[in-house]
Amino acid sequence: MKIWRPLIKCLVVAAVCLAALLVYRSLQRYTWDEIEESVLSIAGIRLVAAFGFVILSYACLGMFDALGVRYAGKPLAYHKTALASFTSLSIGHNVGMAALSSGAVRYRFYSRWGLQPQDIAKVIVFCGATVGLGLATLGGIAMLLDVNGSDDFFGLGRGERAAIGFACLAVPAAYLLLCAFVRRPLPVRSWRFTPPDLSLAIGQIIVGTLNFLCVASAIRQLLLAFTDVGFLQVASAYVTANLGALVSHVPGGLGVLEAVMLNLLPGTSAIGALIAFRVLYFFVPLAIGVPVLIASEAYYRRQGSAYSGRTAEGKA
């Protein structure tokens, strides 16, 4: 453990520095005139609505961790899990390799609140599974409900969309069956996965789907400033773009998200909407999360110094 702590601290510092660099390099892709013109062309009510959905999304992400600590057998108050989740993901979303980058930040918080490394690993795996379940559920629902949509979207016909939709929904369905009937640990390579209780599994699917519903709603609010696009079309495109970003491991899906969204939504030249989304969903939380992390590190360092001082006085 003494070896891991300095490594975790180094990872946190590296994540903060890399996040700051990414903000700078990301903004270099566009001129300030382009950014200003794009954002100003979006009505204020659209920006407010989109940011409201961003806030709801991060609230859902806080529930990921709230359920995760329950799964690990170490339940905590929601304000604690929300703080750990927001701070870690505001950085992890921008840095990329979220399991590692956000996991390092999560470790800093949860280790102070009594969780052991194996407990924190369970939380991280649980949250990762919730992401996958949410994407599969939303993707399946969007495909099935939009099965009669235009045939040129994705280049798929009705039958193909229906097949993909059912295949996506088969993932959460199989997960629920597993959690309902299997109570023993399952070997997964070198470690064992214990299925959560059915109530926790249902909670995973609900909050995971709600999270991506909020994200898709935020994007649609911004796209409506440029084009009349349906929610189901945006949801299907976002799920596909998100999968591409996850597979590519590009920090924050930078460029991948925009390219896939614009390709899957033909006729939209609304790069301004996607720039605004990146600012609202990635950069604004990052601008809050990094100072919060630094402030929390300073606070707990002072707390630790004060505790050490009191202990030394007591021994004297």
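Rules used throughout
Residue positions within a chain follow its written sequence, with the count starting from 1. Confidence filtering applies because this is a predicted model: local features only for residues at pLDDT of at least 70, side-chain atom pairs given and counted only at 80 or more, and all residues used for totals across whole chains, interfaces and linings. To obtain the side-chain values, all non-hydrogen atoms of the structure were included, while hydrogens and water were left out. Only DSSP runs of H or I reaching four residues or more are called helices, and only runs of E reaching two or more are called strands; each is numbered from the N terminus. Under the scheme applied here, a residue whose accessible area is under 20% of the maximum for its type counts as buried, over 50% as exposed, and between as partly exposed, the area being computed with a 1.4 Å probe on protein chains only. Whether two residues touch is decided by their heavy atoms; if any such pair falls within 4.5 Å, the residues are in contact. Per-residue and other accessible areas were derived by the Shrake-Rupley procedure at a 1.4 Å probe size, with only the shown protein chains allowed to occlude residues. Take the buried residues of types Ala, Val, Leu, Ile, Met, Phe, Trp, Tyr and Cys, join any two whose side-chain atoms come within 4.5 Å, and each joined set is a nonpolar core. What pLDDT reports is the predictor's confidence in each residue, on a scale of 0 through 100. Excluding any residue in a salt bridge, patches collect residues exceeding 30% relative accessible area, merging like charges within 9 Å and nonpolar Val, Leu, Ile, Met, Phe, Trp and Tyr side chains within 5 Å. Whenever Lys or Arg places a side-chain nitrogen within 4 Å of a carboxyl oxygen from Asp or Glu, that contact is recorded as a salt bridge. Ring pairs are drawn from Phe, Tyr and Trp, using the six-membered ring of Trp, whenever the two centres fall within 6.5 Å, and their geometry is named by plane angle: stacked under 30 degrees, edge-to-face over 60, tilted for the rest. Here the axes come from fitting lines to C-alpha atoms, over the contacting stretch only for helices, and the angles between their N-to-C directions go from 0 to 180 degrees. Each angle gets one of four labels, with under 35 degrees taken as roughly parallel, over 145 as roughly antiparallel, 65 to 115 as roughly perpendicular, and the rest as oblique. Definitions for this section: a left-handed crossing has its near helix turned counterclockwise from the far helix by less than a right angle. A right-handed crossing has that turn clockwise. Polar here means any residue outside two lists: the nonpolar Ala, Val, Leu, Ile, Met, Phe, Trp, Tyr, Cys and Pro, and the charged Asp, Glu, Lys and Arg; Gly therefore counts as polar.

K.L.:
Honestly, the overall build of the protein in this entry has me stumped. Any pointers?
P.N.:
Summing up its helical and strand segments, the protein has 11 helices and 2 strands in all. Along the chain direction, N to C, the helices and strands of the protein fall in the order α-α-α-α-α-α-α-β-β-α-α-α-α. In the protein, buried positions account for 44% of the 316 residues. A sequence separation of at least 24 residues applies to 68% of the contacts in the protein between residues at least 6 apart. If you sum the accessible surface of the protein, you get close to 15700 Å²; carbon and sulfur atoms cover 66% of it.

K.L.:
I tried to follow the nonpolar core on my own but got confused; where do I start?
P.N.:
Side chains that are nonpolar tend, in soluble globular proteins, to be buried together. Formed by 59 residues in total, the largest nonpolar core has its most connected members in Ile91, Tyr110, Val123, Ile219, Leu222, Phe277 and Tyr281. Those elements that place two or more of their residues in this core are helix H3 (44-71), helix H4 (78-95), helix H5 (98-112), helix H6 (117-145), helix H7 (158-181), helix H8 (198-223), helix H9 (231-248) and helix H11 (271-315).

K.L.:
Could you clarify how one ought to interpret the confidence of the model for the protein in this entry?
P.N.:
Do not read the predicted coordinates in detail wherever pLDDT is low. In the predicted model, the protein carries a mean pLDDT of 79, and 70% of its residues have values of at least 70. Overall, residues 307-313 carries pLDDT values under 50, and its contacts beyond four positions in sequence, including any with other chains, amount to 0 contacts.

K.L.:
Is there a simple way to think about a nonpolar patch on the surface in this case?
P.N.:
A surface patch of nonpolar side chains, about 320 Å² in accessible area, is lined by Leu198, Ile202, Ile206 and Leu210. Following the sequence through the fold, isoleucine 202 ends up in helix H8. What makes isoleucine 202 partly exposed here is its relative accessible area of 37%.

K.L.:
Just to check I follow, could you spell out the side chain of serine 85 for this structure?
P.N.:
One can find serine 85 in helix H4. On the basis of relative accessibility, which here comes to 1%, the residue serine 85 falls in the buried class. In contact with serine 85, other than residues within four places in its own chain, are Leu61, Gly62 and Asp65.

K.L.:
Explain the packing of aromatic side chains to me, please; I cannot follow it from the model alone.
P.N.:
Given two aromatic rings, their pairing is described by the distance between the two centres and the angle made by the two planes. Within the structure shown, the criterion is met by 9 aromatic pairs. Seen in terms of ring centroids, phenylalanine 277 and phenylalanine 282 are 6.2 Å apart; in terms of plane orientation they differ by 85 degrees. Their pairing is edge-to-face. Across the pair, exposure class does not vary: phenylalanine 277 and phenylalanine 282 are buried alike. Taken together, a centroid distance of 5.5 Å and an interplanar angle of 70 degrees make the contact between tyrosine 281 and phenylalanine 282 edge-to-face. The exposure classification of tyrosine 281 matches that of phenylalanine 282, with both residues buried. Taken together through their ring pairs, the aromatic side chains of Tyr58, Phe86, Phe277, Tyr281 and Phe282 make up a single cluster.

K.L.:
Sorry if this is basic, but what is going on with the environment of valine 234 here?
P.N.:
You can see valine 234 is positioned in helix H9. The exposure class assigned to valine 234 is buried, which follows from its relative accessible area of 0%. As a C-alpha pair, valine 234 and serine 217 span 17 residues in sequence and 8.2 Å in three-dimensional space.

K.L.:
Honestly, the packing of H3 against H6 in this entry has me stumped. Any pointers?
P.N.:
In a packed pair of helices, the relevant descriptors are the angle between the two axes and the axis-to-axis distance. For the pair H3 and H6, the least separation of the axes is 8 Å and the interaxial angle reads 130 degrees. Our classification of the angle between H3 and H6 gives oblique. In terms of crossing hand, the pair formed by H3 and H6 is right-handed. Here H3 contributes Phe64, Asp65, Leu67, Gly68, Val69 and Tyr71 to the contact with H6, which in turn contributes Lys122, Val123, Phe126, Cys127, Thr130 and Val131. Considered class by class, the residues forming the contact of H3 with H6 number 8 nonpolar, 2 polar and 2 charged.

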